[in-house]
Amino acid sequence: QVQLVESGGGLVQTGGSLRLSCAASGGTFSWYTMAWFRQAPGKEREFVSGISWHSGNTDYVDSVKGRFTISRDNAKSTVYLQMNSLKPEDTAVYYCAADRTTVVHTTTNQYHSWGQGTQVTVSS
């Protein structure tokens, strides 16, 4: 299993931007589909975005389309989530996930490697 470490979270005002990073180790990163999930207090973990290793296809939850962009750098074994126009409802712990699948799945049970999470707080 690949090991994942997220970074880049923090406190930002409404309308601000953050870029999350997730560094992978212990596996062939280019063979992994990568995804970002988030979990707000009292809520279930939800899919945010994903990028397939096979096709490069990306997917986003409707609430972040046009504001968030996922990308990957296979040479650096890192996946990024650029978050713009942040809203208070984006406040959550953001988790990076990985799996040897050719498509982007949107459910947590499809991913077998997880990072420890990074907190994103958007103040109003």
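If you're wondering where the values come from, they're calculated on a predicted model, not measured in any experiment.

Examining the pattern of salt bridges
Then step 1. Throughout the structure, instances matching the rule amount to four salt bridges.
Then step 2. Between Arg38 and Glu46 there is a salt bridge whose closest N-O contact spans 2.6 Å.
Then step 3. Taking the relative accessible area as the measure of exposure, Arg38 reaches 6% and is therefore buried.
Then step 4. Among the ionic pairs, Arg38 bridges to Asp90, the shortest N-O distance being 3.0 Å.

Some remarks on the packing of aromatic side chains
Then step 1. This structure, assessed with the given rule, holds four aromatic pairs.
Then step 2. The interplanar angle of 80° and the centroid separation of 5.6 Å between the aromatic rings of Phe37 and Phe47 together place this pair among those described as edge-to-face. Taken together, the positions of Phe37 in strand S4 (residues 33-39) and Phe47 in strand S5 (residues 46-51) put the pair 10 residues apart, joining distant regions of the chain.
Then step 3. One residue, Arg72, lies across the ring of Phe29, its end atom 4.6 Å from the ring centre.
Then step 4. Between the NZ or CZ atom of Arg100 and the centre of the ring of Tyr32, over which it lies, the distance is 5.8 Å.

Details of the nonpolar core
Then step 1. Grouped together as the largest cluster of nonpolar side chains are 28 residues, with contacts concentrated most on Met34, Trp36, Val79, Leu81, Met83 and Tyr94.
Then step 2. Of all elements in the fold, only strand S3 (18-25), S4, S5, strand S7 (68-73), strand S8 (78-83), strand S9 (92-99) and strand S11 (118-123) reach the threshold of two or more residues within this core.
Then step 3. Once residues lying within four places of it in the same chain are set aside, the contact partners of Val79 are Leu20, Ser21, Cys22, Phe29, Met34, Trp36, Ile51, Ile70, Ser71, Arg72 and Cys96.
Then step 4. In terms of nonpolar packing, the next biggest core, distinct from the first, is built from six residues, Ala35, Phe37, Ala97 and Val104 among them.

Remarks on the environment of Asn57
Then step 1. Positionally, Asn57 belongs in the loop between S5 and strand S6 (58-60).
Then step 2. Setting aside residues no more than four positions away along its own chain, Asn57 makes contact with Gly50, Ile51, Ser52 and Val104.

What counts as what
- For every chain, the first residue of the written sequence is number 1, and numbering continues from 1 onward in sequence order.
- Only residues with pLDDT of at least 70 get local features here, since the model is predicted, and only at 80 or more are side-chain atom pairs given and counted; chain-wide, interface and lining totals rely on the full set of residues.
- The side-chain numbers reported here are obtained from all heavy atoms of the structure, hydrogens and water having been left aside.
- We count a salt bridge whenever a side-chain nitrogen from Lys or Arg sits within 4 Å of a carboxyl oxygen from Asp or Glu.
- Each residue's exposure class comes from its accessible area (1.4 Å probe, protein chains only) as a fraction of the maximum for that residue type: buried when under 20%, exposed when over 50%, partly exposed otherwise.
- Note on ring pairs: Phe, Tyr and Trp rings are taken, using the six-membered ring of Trp, and paired if centres are within 6.5 Å. Classes follow the plane angle, with under 30 degrees stacked, over 60 edge-to-face and the rest tilted.
- Strands are runs of DSSP state E lasting at least two residues, helices are runs of H or I lasting at least four, and both sets are numbered from the N terminus onward.
- Criterion for a charge above a ring: Arg CZ or Lys NZ at most 6 Å from the ring centre, at most 35 degrees from the ring normal.
- For this analysis, a nonpolar core means a set of buried residues of the types Ala, Val, Leu, Ile, Met, Phe, Trp, Tyr and Cys, connected via side-chain atoms within 4.5 Å.
- Residues count as neighbours in contact if any of their non-hydrogen atoms are within 4.5 Å of one another.

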